[in-house]
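# Structural description and commentary
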Amino acid sequence: MTAADRDRFYAERDRRTRAYNVAGERLNTPVRISVGADAASSPVGQALALNVINMVCRIHRRVELLLPDSELLVVPLVPSRTLAEAGEALAVAIDPFIDLASSQEATPTLAIGDVAGTYWLGADGYIGHFRDAPTLITSHPASLLGAGMAACLGSAALLLAVSGAPVRTRSVSLWGLDNQPVLAGPARELGPIDVGERVVLVGAGAVGSAILYWLRFLGVTGAWTVVDGDIVKLHNTNRSMGMIAADAGWRKGVPGGQVANKAEIGASLIGANPVVGWYDEWVKKLGPRPDLLIPAGGERNIRQNLGLLGLPLMLQGATSPDWQVQLHRHGPGDSCPACRFPKQPTAEMACSTGPLPVDSDSDDEDESTDAALPFLSAAAGLLVVAALTQLEHGYLTQPVNQHGLLFGTGTQVDWWNTIARCRPGCTHRLSLGVRRQINAGRRWSALDNQP
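Let us look at the structure shown here.

Parameters and conventions
- Along each chain, the written sequence defines residue order, and numbers are assigned to residues from 1.
- The predicted nature of this model means local features are confined to residues of pLDDT at least 70 and side-chain atom pairs, given and counted, to a pLDDT of 80 or more, with totals for whole chains, interfaces and linings taken over all residues.
- Side-chain measures were taken over the full set of non-hydrogen atoms in the model, leaving aside hydrogen atoms and water.
- For two strands to be treated as a pair, DSSP must find at least two bridges joining them.
- Only DSSP runs of H or I with at least four residues qualify as helices, and only runs of E with at least two residues qualify as strands; both kinds are numbered from the N terminus onward.
- Every angle, taken between N-to-C directions, lies between 0 and 180 degrees, and every axis is a line fitted to C-alpha atoms, over only the stretch in contact when it is a helix.
- Two residues qualify as a contact provided that any one of their heavy atoms is within 4.5 Å of a heavy atom in the partner residue.
- One less than the residue count of a helix, multiplied by 1.5 Å, gives the span that helix is expected to have.
- Remark: exposure states derive from per-residue accessible area (1.4 Å probe, protein chains only) relative to the maximum for the residue type, with buried under 20%, exposed over 50%, and partly exposed in between.
- For classification, angles of less than 35 degrees are called roughly parallel, those exceeding 145 degrees roughly antiparallel, those between 65 and 115 degrees roughly perpendicular, and all remaining angles oblique.
- Less than a right angle of anticlockwise turn of the near helix away from the far helix marks a crossing as left-handed, whereas a clockwise turn marks it as right-handed.

### Some details on the sheet that holds strand β5 (residues 127-131)
The sheet built from six strands is open, its strands ordered β2-β1-β3-β4-β5-β6 with mixed pairing. Strands with a single pairing partner mark the edges of an open sheet, and in this sheet they are β2 (63-66) and β6 (170-173). The mean angle between the axes of side-by-side strands here comes to 15 degrees, regardless of whether they run parallel or antiparallel. Sheet topology note: the strand β1 (residues 31-35)/strand β3 (residues 109-112) ladder contains four bridges and is parallel. Among the inter-strand pairings, Ser34 is bridged to a residue of β3, identified as Ala111. Its contacts with the sheet place helix α3 (residues 43-56) against β1, β2, β3 and β4 (119-124), and it is angled at close to 160 degrees to β3.

Structural data, given as structure tokens:
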């Protein structure tokens, strides 16, 4: 590890993060994550802490970790024995050059549990809390999902805080997917996720990686397949929850190591079958039809072709301009992916990106006007997983098929919702009669029999 390696690492990894105008000293502004012994005594509290560390260390270069040396109660992304060890190991695996030293400066602090802080995170079922006073982590069986939401809110707020932008406290529910009321959801055990004998995730990049990361906390049943032909690049690690620097060939801060494939890294998170290839190649050798397909990428015109597969149901997470995170349902009465995402530059949505102010002092000729941020891809993946837990409990009966969660500073609401239908003359989906024939016996085929 050399100074030159460090400079190269941050130049490559943070290129699109810098589009948020947090280049230079702002990325080096110290931040702190503090966890109380009370929070560290529960699996949900530990998961919340590690979720926050996972996101924060993909942006900030100086992160002080105040973690109890409690016995680890969750499976970490990086092998460890205690919570303190797991937090530090995860931070270093994500960023081998990260500064974890204590800071004497006034430091924005995310607190979990009964400890001092600037902001506090908590969870109650499907609700994630981001508050300016201590808040509880309840024993509600769905609080693992609320902890994921709280981590996304806290990570976003910490970036806003070091940027000098307004920070709004709030509580967001993944159950109602609406502004009111904020619901904890039913108190029933979650997981393992059972949505079919065969489930396919297409794309294991930013949003796909997040989906798999959250699923590992709940577990899955059936045979899952992860399809992606791409390798891990260092800039992917600034927003992909399941990837670390070593996956991009940066082992212990030294470049040039073996680079992993996204499908293999993602599939390993839940014990799925990896397919190293692209959707258009995989679908030619389809074999038994899947019960459910989850699109998490837009390469090679995939959105234009997915409807032609003829599945009765697909769920999709994405992000769009101005820090909006979206959940899309594509059922028989909903618009197909091609109509939802028209092939136009102004309408295409890229996973985990959104246009943000460019640093006027940047000398990077390849600087993008899109920023890629970990809490956006993490939240998009979390919306998909929350929807998976609700498929048998009312989500499919809702007329609304497009939900948007807002992370920007210019709004006082959390959600917007709409109903999307296919455009007249749509040619991107199979007819009802054909779908009924080819999907007979599959998990969600009854959707095509509804009036």
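### A word on α3
Taking 1.5 Å per residue as the helical rise, α3 with its 14 residues ought to reach 20 Å, and the 20 Å between its terminal C-alpha atoms agrees with that figure. Burial of α3 is extensive: 13 of the 14 residues sit out of reach of the surface.

### Some words on the packing of helix α6 (residues 206-218) against helix α11 (residues 374-390)
Between α6 and α11, the least distance of the axes is 7 Å, while the angle of their chain directions is 50 degrees. Looking at the two axes, α6 sits oblique to α11. The interaxial crossing formed by α6 with α11 has right-handed handedness. Along the contact surface, α6 presents Ala206, Val207, Ala210, Ile211, Trp214, Leu215 and Leu218, while α11 presents Ser377, Ala378, Ala380, Gly381, Leu382, Val384, Val385, Leu388 and Thr389.

### Considering unusual backbone geometry
At the junction of Gln180 and Pro181, the peptide bond is cis and its omega measures out at -15 degrees in the coordinates. Examined against the element boundaries, Pro181 turns out to sit in the loop between β6 and β7 (198-202). Residue Pro192 is bonded to the preceding Gly191 through a cis peptide linkage, with omega at -5 degrees. Here Pro192 shows up in the loop between β6 and β7. Its identity is not glycine, yet Leu177 carries a phi of approximately 50 degrees, on the positive side. Note on placement: Leu177 falls in the loop between β6 and β7. Residue classification places Leu177 among the buried positions, given a relative accessible area of 2%. Positive phi, normally seen in glycine, also occurs at Lys252, with a value near 55 degrees. Under the relative-accessibility criterion, Lys252 is labelled exposed at 74%.

Function-wise, these values are silent; they only describe arrangement.
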